[in-house]
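Fold and geometry: a report
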Amino acid sequence: MGHQRLISFQSTATVILLLVSILSAAAGHSTGSDLLKCGGDTEEEGGGLRLSLGLHNLEVSCAVSSGSGALTRQNKMEIFSSVGLPPILTIYNSISSRNFSFMLSADRSTWRVNVSRRDVTGRTDPAPLHQWYVEVSMPSGGGGVPRPVRGTLLDVVREPVLQWTMGEEMSAASLTSLLSRVTGLKIAQSPCAGDVAVVAPVFGPGEHPGVVLGVTRSAFASRTRWFNATGSLCSLVERPSGCRGISAVDVKLTNRHLFLLTSSGLFVSRDLLRPAAAPLDFTLLPLPAPARMNFSSCGLWSSSLCLADPNYYDDDIVSLTSSLSSHCVYSRFPFRRWHSCRAATDQRCLSFLYDRQQQTGLLLTHSDGQAATVSVIGMEGEVLRNRTRFPPVTVHFRPRGLLLLDNQVVLYGSQVWLSESRGATFHPVFSLEEGESVVDVLSCRLSRVLVFLTDRGRLYLMKPDLNWRFVHLRMPAPARSTLLCDHMGVLTALSVEPNAPSGFGRSAIDAERLIQEHESGFDRPLALQFISPTTVLLHEHTHVPPDTPGHTPAERTPAEHTPAEHTPAEHTPQRGSLFSPADVGKLIFLRDGGQVSITEVSQEHQQPGFTGHVKGDIFQLIKASSQETAPQQGCSVLVKKKKKKKKKEEREGLNVELRLQGLDTCPSFGSSHIGKTVVVPGYSSYLIIRVSPGGVAVADPTTPASIPPSGLHAAGTWLLFDSAGSAGWGMREGPCRHALQSLDGLRRGSLVRIPVGEQLNFTFRAVMADSSRPVVLRKKLIVVISGPSAIRLNADHRWDAANNNLVTLRAASPLSTKTMTTVSLSIPESSLLCTSSSFAFTLQNWCPKGLAVVYLPSRPITKRDWLRGYPIDGRGRPSLIDLPANYRPPSGLEDPIPISDNVYNADPGRPLPPGRRAGRYKRCSGKRSAERCRCTDAMRLSPLAADSDCRRRVPRLTTPALTLRLFLRTPGRPDRPLRSPYSVDVVEVNGRDDWKVAGRGPAREALDPDGLRLHLLGSQLFHFRVEVVFGVAFCPLEEEVQVYVDPGTHHPDTHHPDTHHPWWMIAITLAILILLRYLPDCGVLVNKLWR
């Protein structure tokens, strides 16, 4: 059988390889990405496939393009189908995945798949949903085989905001006249579906046609539904002037509500999850008196994420701030109460965000003295605490707002700063030109990039996971535009375009091309030094003297430089290094030939004259100056150390003189060599800073300690390299050479639910594309967790046979609180052009489907014995007892009269025993006999109070102690003992008080379930309910236990079943001591009696 499987596998592999070679030869110049074309409800776009799921089935058709090869489309499709390799449609989101196979159509021109809605989801009620993605792929990849086609699937039936009309619907033609007066756009994307958004045009001063809203389900790529909401909003305004001049200021869309900030007040919609039977109603929020402000100068803030779990709906918090005053209020779902942000009266509130992973509020304030403060304030419920969690952070520039990411906080304005400690500390990333400020920030979660738009139309892109890396995208944004990230992470600048069918112009931002074109070098010479055959150092020199021919003292612009200090505006480029940590991963290319990939940056240098250096791998062979352009390389060079003249502001160091020696025709150094470097492999390099009239060059050595004692470098052992400023070298973003892979099949953005007390393992691998080069065994992977106190995470680094860095994460949830945390992995040295060098997923405490708490007795009883048998215990006594008809247990040891309504083994044909409260039937209510109660076997076996009418037999106890052996039961997994961190409450269902927990008082309190033991002071039926304390698991977990204690088990004067044990032990001990004392005398007496 094993040989047959091997032959089958080899045959399949051979067919696939043959298929790949045939298609590769026939595909001509077509690439794998354009061989497979798919379509559904909408056509495939440049950003990916966009599909919609309605009430009917989902139909998708795909075909292989004919390309430029000899095979036709039909030939190619028949080849795939003949070997059983049709495409596979994968529909997945962050928590689940499903596969569907295509079938070849009758005319063999396309593959088609028909997916029932029930196969995707069986529900039709509106709700926040995790974004559905689709992927059409072939079973095998490689040359000639189509690469996957990716896209999204939008459930138009369940997406909440799409179910409503928001006022009087308008035609696109009637909107044309209004768009010319628009000065800006406010867009609120759905927290769960990237293509669904609400847009509110903002009109200029004096231009107030009302509140107009647009709703799109295609990121404004197709028709937009327009509504005039003015009438419905004005009817809510109670003031003499009505709502004359009302206009939109801002808009926010949370998981269940739409917020409209207008010049007349803040409006909130009704719950979007309710059935949409009429136009969407709004409510004018009655804000507290201190929050009454000029709404035109206010802003709405929300860090709303997709909250598909109802337990997390209350994590939606919306705040309202005024840029002209200290007024700031916020509210938590369901937005019934508003609270103050506790800002000082002498400061202006600019932003307030809620960090749900830390349960804190982030408050940004600004004073007239140009100092801004970020405060992190703890929250208890929905109220801010009186003290900040960390000392407030003060920055000296004019900020605009805050942006909260998975693991970072971004502070933006005239500068951009980043915090990786959730607001405790901030570090500068880049500065803008004087008078320029960021006005819009877009976070694209799918591609994990940030895009900043300034008031001068400039665009900056940053990847926070890659060591604060950023780049200036040299593409001016259109006027009156805003940024948008669509369903597949494609960046778009959306602007007002009255002549366009949708009213908007969409300018795709080709970030990859713009990154490749961006030149980020600066005009300083670099001294090249080899430290191995594949690794070099590039030493940054301070400057070249101004009298150098052709020299222009240009420096790196502030927006392209990240200073080391916390106040980037005060940095002086002439004195400090112009390299920054953001340059890791970039390529330095030399004009004469050669490229170096930067792996490390140092902004300090020990040798005077140099300000810093970078370490890099040789990406392309470095070429020296040719013999024709630099014939001096045919001579020997003599190095003579010379003490450098010390200036007040410089450290003492040394120069060297470089004299050429050789034939009489040996040329000397000239002024054209200033800024070039004499490179001697294995020794110090020398950067020429000036040349004397006699042809002697004065140079700064990179490492004086490695100058040879003789000072002579023979011809052929040294080279001359030209890296003198921007004319000799440049710096750009390097190609992608890294990838981050999950070895467990985990997808990016996945939501992994982890039960409390369990551990999950995840393994990732950092792969370097260029495997031909030697790789140093160093940790390439950086792991960041947003909530280290919520989820315990351990990382184990190792390396495989190919020197790839692997890391195994072991995650455990030790806390009994509602929590989630984001885990981010990244390769900091990877290029900005990489699309798979970072990975993020979310861990969430949860309750698994079907999870239950069960009580398992030490001697289990089978179902058959319970219903009809007569099981016995180890001593031959019956294990079950039959309750009398209409049984009601006593209330306690001193009071035998029942006080509970519960009736056991109900028989409506017989009278109920008397009690303080009348017994009440459940299943037998209104019936005349027990037979008509229609009890099932499951009800007879059930220990629940709801089934007490059918409960005839219960376990019997012959000792007055009950050990609760509690287990967690999950379908498909073995039972696990219920232990800490779970805690439980125990109550007696019928109100009996003649019992206690071993070692504790009678008061109710949270108990450790491990080894939980109850002492039963009374007799007859005890009915306990064990409840897991809510918060450990986010679903109700409870179990009920019924036992019957024999009446003769207890001594009438004993209130504790174990109180007599010590006395018996004392008596036995005394008897043994007496016997040992008089044992000899007893022996003599016995012998006499025997005789």
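All chains use their own residue numbering, which begins from 1 and follows the written sequence. For a predicted model such as this one, the threshold for reporting local features is a pLDDT of at least 70, and the threshold for listing and counting side-chain atom pairs is 80 or more; totals across whole chains, interfaces and linings nevertheless cover every residue. With hydrogens and water excluded, all non-hydrogen atoms of the structure serve as input to the side-chain values.

**Thoughts on the overall build of the protein**
- Numbering of helices and strands runs from the N terminus; a helix is a DSSP stretch of H or I covering at least four residues, while a strand is a stretch of E covering at least two. The helix and strand tally for the protein stands at ten helices and 70 strands.
- The buried share of the protein, reckoned over its 1091 residues, is 53%.
- Any two residues having at least one pair of non-hydrogen atoms within 4.5 Å are treated as being in contact. Nonlocal contacts in the protein, meaning residues at least 24 apart in sequence, comprise 60% of its contacts between residues at least 6 apart. Relative accessibility thresholds used throughout: buried, under 20% of the residue-type maximum; exposed, over 50%; partly exposed, between the two (1.4 Å probe, protein chains only).

**Observations concerning the sheet that holds strand β62 (residues 953-957)**
- DSSP-based pairing: two strands are paired if at least 2 bridges between them are found. The strand order across the open sheet built from five strands is β61-β62-β70-β69-β66, with neighbouring strands paired in mixed fashion. Each of the sheet's edge strands pairs with one partner strand only, and the pair in question is β61 (880-882) and β66 (984-988). Pairs of neighbouring strands in the sheet enclose a mean axial angle of 40°, with direction left out of account.
- Bridge analysis of β66 against strand β69 (residues 1020-1028) gives five bridges, and the strand direction is antiparallel. Bridging from a neighbouring strand, Glu 988 pairs with Phe 1024 of β69. What counts as an axis is a line fitted to C-alpha atoms, over the stretch in contact for a helix, and the angles between N-to-C directions run from 0 to 180 degrees.

**Concerning the sheet that holds strand β57 (residues 805-812)**
- Read across the sheet, four strands follow the order β52-β54-β57-β56 without closing on themselves; strand pairing throughout is antiparallel. Each edge of the sheet is formed by a strand with only one pairing partner; in this case those strands are β52 (738-742) and β56 (792-799). Neighbour to neighbour, the strand axes of the sheet diverge by 20° on average, direction disregarded.
- Taken together, the five bridges between β52 and strand β54 (residues 759-768) define a ladder with antiparallel strand orientation. Paired with Ser 742 across the two strands is Phe 764, which belongs to β54.

**Structural notes on the state of the cysteines**
- The criterion for a disulfide is a pair of cysteine sulfur atoms lying within 2.5 Å. Per the stated rule, a full pass over the model turns up eight disulfides.
- Here Cys 192 connects covalently by a disulfide to Cys 306, the sulfurs 2.0 Å from one another. The disulfide joining Cys 192 to Cys 306 has a torsion of about 95° about its S-S bond and is therefore right-handed. Within this pair, whereas Cys 192 is found in the loop between β11 (182-189) and β12 (197-203), its partner Cys 306 is found in the loop between β19 (298-302) and β20 (317-322), the two being separated by 114 residues in sequence.
- Disulfide partner of Cys 924: Cys 933, at an S-S distance of 1.9 Å. Looking along the S-S bond of the Cys 924-Cys 933 disulfide, the torsion reads about 130°, which is the right-handed sense.
- Cys 298 takes part in no disulfide bond, and the closest cysteine sulfur to it belongs to Cys 328, at a distance of 10.0 Å.

**What to know about a nonpolar patch on the surface**
- Where nonpolar side chains cluster on the molecular surface, the patch consists of Ile 1066, Leu 1070 and Leu 1073 and spans about 290 Å² of accessible area.
- Relative to the helices and strands, Leu 1070 resides in helix α9 (residues 1061-1077).
- Residue classification places Leu 1070 among the partly exposed residues on the basis of a relative accessible area of 49%. Patch membership requires over 30% relative accessible area and the absence of a salt bridge. Like charges are linked within 9 Å, and nonpolar side chains (Val, Leu, Ile, Met, Phe, Trp, Tyr) within 5 Å. All accessible-area figures derive from a Shrake-Rupley calculation using a 1.4 Å probe, and residue coverage is judged against the displayed protein chains alone. Put simply, a salt bridge is a Lys or Arg side-chain nitrogen that is within 4 Å of an Asp or Glu carboxyl oxygen.

**With respect to the confidence of the model for the protein**
- The predictor reports its confidence for every residue as pLDDT, a score running from 0 up to 100. Per-chain confidence: the protein averages 80 in pLDDT, with 82% of residues scoring 70 or above.
- With pLDDT under 50 throughout, residues 1-33 is counted as low confidence; its partners more than four residues away or in other chains account for 36 contacts.
- Segment residues 557-574: pLDDT under 50, and 46 contacts once partners within four positions in sequence are set aside and those in other chains are kept.

**A short note on the pairing of β62**
- The buried fraction of β62 is high, at four of five residues.
- Looking at chain direction, β62 and strand β70 (residues 1038-1045) are connected through two bridges and run parallel. Following the sheet pairing, Arg 956 is matched in β70 by Tyr 1044.

**Describing the packing of aromatic side chains**
- The aromatic pairing rule takes the rings of Phe, Tyr and Trp, using the six-membered ring of Trp, and pairs them if the centres are within 6.5 Å, calling planes under 30 degrees apart stacked, those over 60 edge-to-face and the rest tilted. Within the structure shown, the criterion is met by 21 aromatic pairs.
- With 4.9 Å between their ring centres and 85° between their planes, Phe 259 and Phe 335 make a pair best called edge-to-face. Taken together, the residues span a long stretch of sequence, with Phe 259 in strand β16 (residues 258-262) and Phe 335 in the loop between β21 (328-332) and β22 (338-340) at a distance of 76 residues.
- Residue classification places Phe 259 among the buried positions, given a relative accessible area of 0%.
- Connected via pairs of aromatic rings, a cluster forms that spans Phe 259, Tyr 313, Phe 333 and Phe 335.
- Charges are assigned to positions over rings by a cutoff of 6 Å between ring centre and Lys NZ or Arg CZ, combined with an angular limit of 35 degrees from the ring normal. Its guanidinium or amino end placed over the ring of Phe 1022, Arg 992 lies 3.8 Å from that ring's centre, counting from NZ or CZ.

**Regarding the nonpolar core**
- Counting residues in hydrophobic clusters, the biggest one holds 35 residues, and the most contacted among them are Leu 411 and Phe 452.
- With four residues, the top contributor of residues to this core is strand β29 (residues 409-413).
- Non-local contacts of Phe 452, meaning those with residues more than four positions away in its chain, are made with Val 410, Tyr 412, Val 416, Phe 430, Val 438, Asp 440, Val 441, Arg 458, Leu 459, Tyr 460, Met 462 and Leu 483.
- What we call a nonpolar core is a set of buried Ala, Val, Leu, Ile, Met, Phe, Trp, Tyr and Cys residues that are connected through their side-chain atoms within 4.5 Å. Among the nonpolar cores identified, the runner-up in size contains 30 residues, and Trp 164, Val 196, Ala 229 and Val 251 belong to it.

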